[in-house]
Protein chains: 2
Amino acid sequence: MRVTIIGAAGMIGRKLAERIAATGAIGGTPVDAMTLVDVIEPDVAADFKGTREVFAADLTQSGTSERVIANRPDIIVHLAAIVSGEAEADFDKGYRVNLDGTRALLEAIQSIEGYCPRVIYASSLAVFGAPLPDVIPDTHQLTPLTSYGAQKAMGELLLNDYSRRGFLDGVGIRFPTICIRPGKRNKAASSFFSGILREPLNGVEAILPVEDDVRHWFASPRAAVGYIEHAATMDTAQLGAQRCMTMPGVSATVGEQIEALRAVAGDGAVALIRRAPDPAVAQIIAGWPRAFDTARALAAGFVAEKSFQEIIAIYLEDEMGQPALKGA
Amino acid sequence: MRVTIIGAAGMIGRKLAERIAATGAIGGTPVDAMTLVDVIEPDVAADFKGTREVFAADLTQSGTSERVIANRPDIIVHLAAIVSGEAEADFDKGYRVNLDGTRALLEAIQSIEGYCPRVIYASSLAVFGAPLPDVIPDTHQLTPLTSYGAQKAMGELLLNDYSRRGFLDGVGIRFPTICIRPGKRNKAASSFFSGILREPLNGVEAILPVEDDVRHWFASPRAAVGYIEHAATMDTAQLGAQRCMTMPGVSATVGEQIEALRAVAGDGAVALIRRAPDPAVAQIIAGWPRAFDTARALAAGFVAEKSFQEIIAIYLEDEMGQPALKGA
């Protein structure tokens, strides 16, 4: 099996590549060649035993897509994107990368007679915009309220249509907000969801810009890699024409996050959370999904954590080298 | 008011242009300049009293969009498209015209600082694919099962996003199946819906390839022009971020169409319908919408016929020069 990861320098791409290198497989299927691509050369999975190709390339540049699929990968994981904030700030760049880049890849695949790879497409909860029900069903309409969300929704439509036509075999994954993200806080409005756990776990003060009753949809980085592994090897016949699904996750309030932190790391950790309400952040988050009924993805075999304590335990295990919690 | 119609050689484009020429207005607002564009030079509205520009152009050719909006029209009616069957037969051409052509137009508009025209976009019921409820609500998800439907759904997402960003002021119209289409039968799977009425009304045999209980969603050509006129001048603030709507129409079975024909034209006309079941056509139609709850469009002031007899009466009046039915 040959696997190509586009966006392999990002957090999920790196973790996926490292896992393939560590296990020599994806979703249990042996991998003998791995191509890792990003706009910067991905410095990852150096110890992979199979053939490893690494290069920097931009999907919006002519010829990149052809190069990306030159070895006819069986599985293409397309994680590359301009993120939400940047796609909103730079309208043209967002469309160029998130829409045109995706389409260039699909067209390159289509142009090769008889080639029909599994294509795993990273979509987003941003395809859903307010007003939203408390629990969003699989049948909810796509109502993006950002350019990023519109681009991801268009990518989903392309993936469905190209799959229906038999040009590729697509699976679209709408990722929950990934928590706890390793590393430093960033400028994303969602950054604090990880920060209020990660910083205290590392003995550092964290800033909480919203109220405790804010609810959102989460999964761990490990779950995110698991979705891709499952998507890589699942039977797609069960998906029919609708190839894109919201992934299972944990619906939790900020207050529930904090109580999970207290249970795992004690009052001292919780005391490191400093409340600094930011109405701008609160307003952005107010339009976000709070919970999903992910019946389709669950039926298709996708799994995630069951509780926020489990999500924290995975961070401790995967990022801080602590042993796994019992039962987690 | 300056109006540009792209796709002005098509049935609805012609009728819209002729109506503007006849009334000197669109939706009651005076029109002093009209630009008519299609891939063939539109031969229409020659008696328009204002400034009339007519040319042949292809939106997918570089520079066409700029030329189309060179006089900064206040209202742009974008009807140009590769139809469903052709978009399915020629995958690349469908995307080039229906997606890239639309996007080129939107990008040309966006590139002009301070220009924010009303853009009326022709979408389609093809954005909805099976399985469908008996009555489809405004909130139903877009699940196209054709490339044409996918392209139209992407156009809707673009129109929403460009409107949200303030680059244009979009209204997306999902047209019912237009009935009774004037002229000859064509190769569209939907052709018989008009043919079984139009041919008998003209004393000609018609072929019915499906059962009498097949139900679908219809409006007259006059209603179609009316949607555009209303979209041209309505207050779009009420639409919020979701600019695209299914238009009101008449839900009718083939049997109800036939009984309406009998009521208007008698048993002799009905006798001209020859049943020739075509499983291929029946299968295509089986996945089509049967009825809609168009609460949003009705609240926004869009109107259509109330019965199939009214639809037939409009054909007799507009295409055969017969006087209007009382009450129709």
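Please read these numbers as outputs of a predicted model, since none were measured by experiment.

Next up on the list: the overall build of chain A. In terms of regular secondary structure, chain A is built from 11 helices and 14 strands. Taken along its principal axes, the extent of the C-alpha atoms in chain A is 60 × 45 × 35 Å. For chain A, the residues scored as buried account for 55% of the 328 residues in total. Long-range pairs, those at least 24 residues apart, make up 75% of the contacts in chain A with a sequence separation of at least 6. Accessible area for chain A stands at about 13,100 Å²; split by element, carbon and sulfur atoms hold 51% of it. Measuring between centres, the 31 positive side-chain charges of chain A sit 1 Å from its 39 negative side-chain charges.

On to the UniProt feature "domain: NAD-dependent epimerase/dehydratase" (unreviewed entry) in chain A, then. Listed under "domain: NAD-dependent epimerase/dehydratase" (unreviewed entry) in the UniProt record, and renumbered for this structure, are residues 3-199 of chain A. Helix and strand shares over residues 3-199 of chain A are 36% and 20% respectively, and the end C-alpha atoms of the span are 35 Å apart.

Residues and elements named next belong to chain A. Over its 13 residues, helix α7 (residues 221-233) runs 19 Å from end to end, which matches the ideal 18 Å to within 8%, given 1.5 Å per residue. Among all positions of α7, only Pro-221, Ala-223, Ala-224, Val-225, Tyr-227, Ile-228, Glu-229, Ala-231 and Ala-232 are buried. The backbone nitrogen of Arg-222 lies 3.2 Å from a side-chain oxygen of the residue at the head of α7, namely Ser-220.

Take the interface of chain A and chain B next. Listed per partner, the contact involves 30 residues of chain A and 30 residues of chain B. Across the chain A/chain B interface, buried area totals approximately 2,500 Å², and carbon plus sulfur atoms make up 52% of it. On the chain A side of the contact with chain B, Phe-91, Arg-103 and Leu-157 of chain A bury the most area, a combined 23% of that side's loss. The tally of links between chain A and chain B comes to 6 salt bridges. Between Glu-88 of chain B and Arg-165 of chain A there is a salt bridge, with its nearest N and O atoms 3.4 Å apart. Applying the counting criterion to the chain A and chain B interface returns 18 residue pairs in polar contact (both at pLDDT 80 or more). When residues of the side of chain A that touches chain B are traced back to their parent elements, those giving at least two are α3 (84-89), α4 (91-110) and α5 (147-164) of chain A. Residue contributions to the side of chain A that touches chain B peak at 9 residues, all from α5 of chain A. Among the residues making up the side of chain A that touches chain B, the classes are represented as 14 nonpolar, 8 polar and 8 charged.

The next subject is the sheet that holds strand β11 (residues 215-219) of chain B. Residues and elements named next belong to chain B. Reading across from one edge, β9-β11-β13 is the order of the 3 strands in this open sheet, with mixed pairing throughout. Here the strands that pair on one side only, and so sit at the sheet edges, are β9 (177-178) and β13 (250-253). Both β11 and β13 contribute to a ladder of 4 bridges, which runs antiparallel. Of the residues in β13, the one forming a bridge with Trp-217 is Ser-251.

Now for the nonpolar core. Burial of nonpolar side chains together is a common tendency in soluble globular proteins. Ile-69 of chain A together with Ile-69 of chain B are the most contacted members of the largest nonpolar core, which totals 75 residues. For this core, the secondary structure elements donating two or more residues are α4, β7 (118-124) and α5 of chain A together with α4 (91-110), β7 (118-124) and α5 (147-164) of chain B. Apart from residues no more than four positions distant in its own chain, Ile-69 of chain B is found in contact with Ile-76, Leu-105, Ala-108, Ile-109, Ile-112 and Tyr-115 of chain B.

For the rest of this paragraph, the subject is the pairing of β7 of chain B. Within a regular strand, the side chains alternate between the two sheet faces. Residue and element names in this part refer to chain B. For β7, a buried count of 7 out of 7 residues is recorded, marking the element as mostly surrounded by other parts of the structure. Because side chains alternate across β7, one face comprises the buried residues Arg-118, Ile-120, Ala-122 and Ser-124, and the other comprises Val-119, Tyr-121 and Ser-123, equally buried. Two strands pair when backbone bridges link them, and strand β6 (residues 75-78) and β7 are joined in this way by 4 bridges, in the parallel orientation. Looking across to β7, one finds that Ile-75 is bridged to Arg-118. Summarising the sheet, β7 and strand β8 (residues 169-175) pair through 7 bridges and their orientation is parallel. From the neighbouring strand, Ser-123 faces β8, where its bridge partner is Arg-174. You can see the chain leave β7, run along α5 and come back into β8, and the turn it takes is right-handed.

Residue and element names in this part refer to chain B. Contact pair helix α6 (residues 191-201) / helix α8 (residues 254-265): the axes reach a minimum separation of 11 Å and the direction vectors enclose 15 degrees. Classified by the interaxial angle, the pair formed by α6 and α8 is roughly parallel. The handedness of the crossing between α6 and α8 comes out as right-handed. Judged by residue contacts, Phe-192, Phe-193, Ile-196, Leu-197, Pro-200 and Leu-201 of α6 engage Val-254, Gln-257, Ile-258, Leu-261 and Ala-265 from α8.

Looking now at the relation of the copies chain A and chain B. Mapping one chain copy onto the other needs a rotation about an axis and a shift along that axis. Rotating chain A by 180 degrees and translating it 0.0 Å along the rotation axis places it on chain B, where the RMSD comes to 0.0 Å. Classification of the inter-copy transformation places it as that of a two-fold axis. Relative to the rotation axis, the C-alpha of Gln-141 of chain A is the closest in chain A, positioned 1.9 Å from it. A share of 100% of the interface residues of chain A reappears at the interface of chain B, consistent with the copies meeting face to face through the same patch.

Moving on, we come to the pattern of salt bridges. Counted according to the given criterion, the structure contains 40 salt bridges over all chains. A salt bridge links Asp-267 of chain A to Arg-262 of chain A, with the shortest nitrogen-to-oxygen separation between them at 2.8 Å. Residue class for Arg-262 of chain A comes out partly exposed when judged on its relative accessible area of 31%. Each of Glu-88 of chain A together with Asp-161, Arg-164 and Arg-165 of chain B takes part in a single network of salt bridges with overlapping partners.

Strand pairing within a sheet occurs via backbone hydrogen bonds; the two strands may be parallel or antiparallel. Residue and element names in this part refer to chain A. On the basis of which strands lie adjacent, the open sheet formed by 3 strands has the order β9-β11-β13 and mixed pairing. Where the open sheet ends on each side, the last strands, each with one partner, are β9 (177-178) and β13 (250-253). By the bridge criterion, 2 bridges tie β9 to strand β11 (residues 215-219) in an arrangement that is parallel. Bridge pairing in β11 places Thr-177 opposite Phe-218.

About the criteria used
- Residues numbered from 1 in each chain as written.
- Chains lettered and ligands numbered in written order.
- Predicted model: local features only at pLDDT ≥ 70, side-chain atom pairs only at ≥ 80, totals over all residues.
- Heavy atoms only, no water.
- Helix = DSSP H or I, 4+ residues; strand = E, 2+ residues; numbered from the N terminus.
- Buried < 20%, exposed > 50% of the residue type's maximum accessible area, 1.4 Å probe, protein only.
- Contact = heavy atoms within 4.5 Å.
- Areas by Shrake-Rupley, 256 points an atom, 1.4 Å probe, with all protein chains shown as cover.
- Lys, Arg positive; Asp, Glu negative; His and termini not counted.
- Charge placed at Lys NZ, Arg CZ, Asp CG, Glu CD.
- UniProt positions renumbered as here; feature names shortened; annotations may be inferred.
- Expected span 1.5 Å × (residues − 1).
- Polar contact = N/O pair within 3.5 Å; in protein donor to acceptor, adjacent residues only side chain to side chain.
- Buried area = accessible area lost by both parts, 1.4 Å probe.
- Salt bridge = Lys/Arg side-chain N within 4 Å of Asp/Glu carboxyl O.
- Nonpolar A, V, L, I, M, F, W, Y, C, P; charged D, E, K, R; others polar.
- Pairing = 2+ DSSP bridges.
- Core = buried A, V, L, I, M, F, W, Y, C linked by side-chain atoms within 4.5 Å.
- Right-handed = clockwise from strand over helix to strand, strands pointing away.
- Axes fitted to C-alpha atoms, helices over the stretch in contact; angles between N-to-C directions.
- Parallel < 35°, antiparallel > 145°, perpendicular 65-115°, else oblique.
- Left-handed = near helix turned anticlockwise from the far one by under 90°.
- Least-squares fit on C-alpha atoms with pLDDT ≥ 70 in both.

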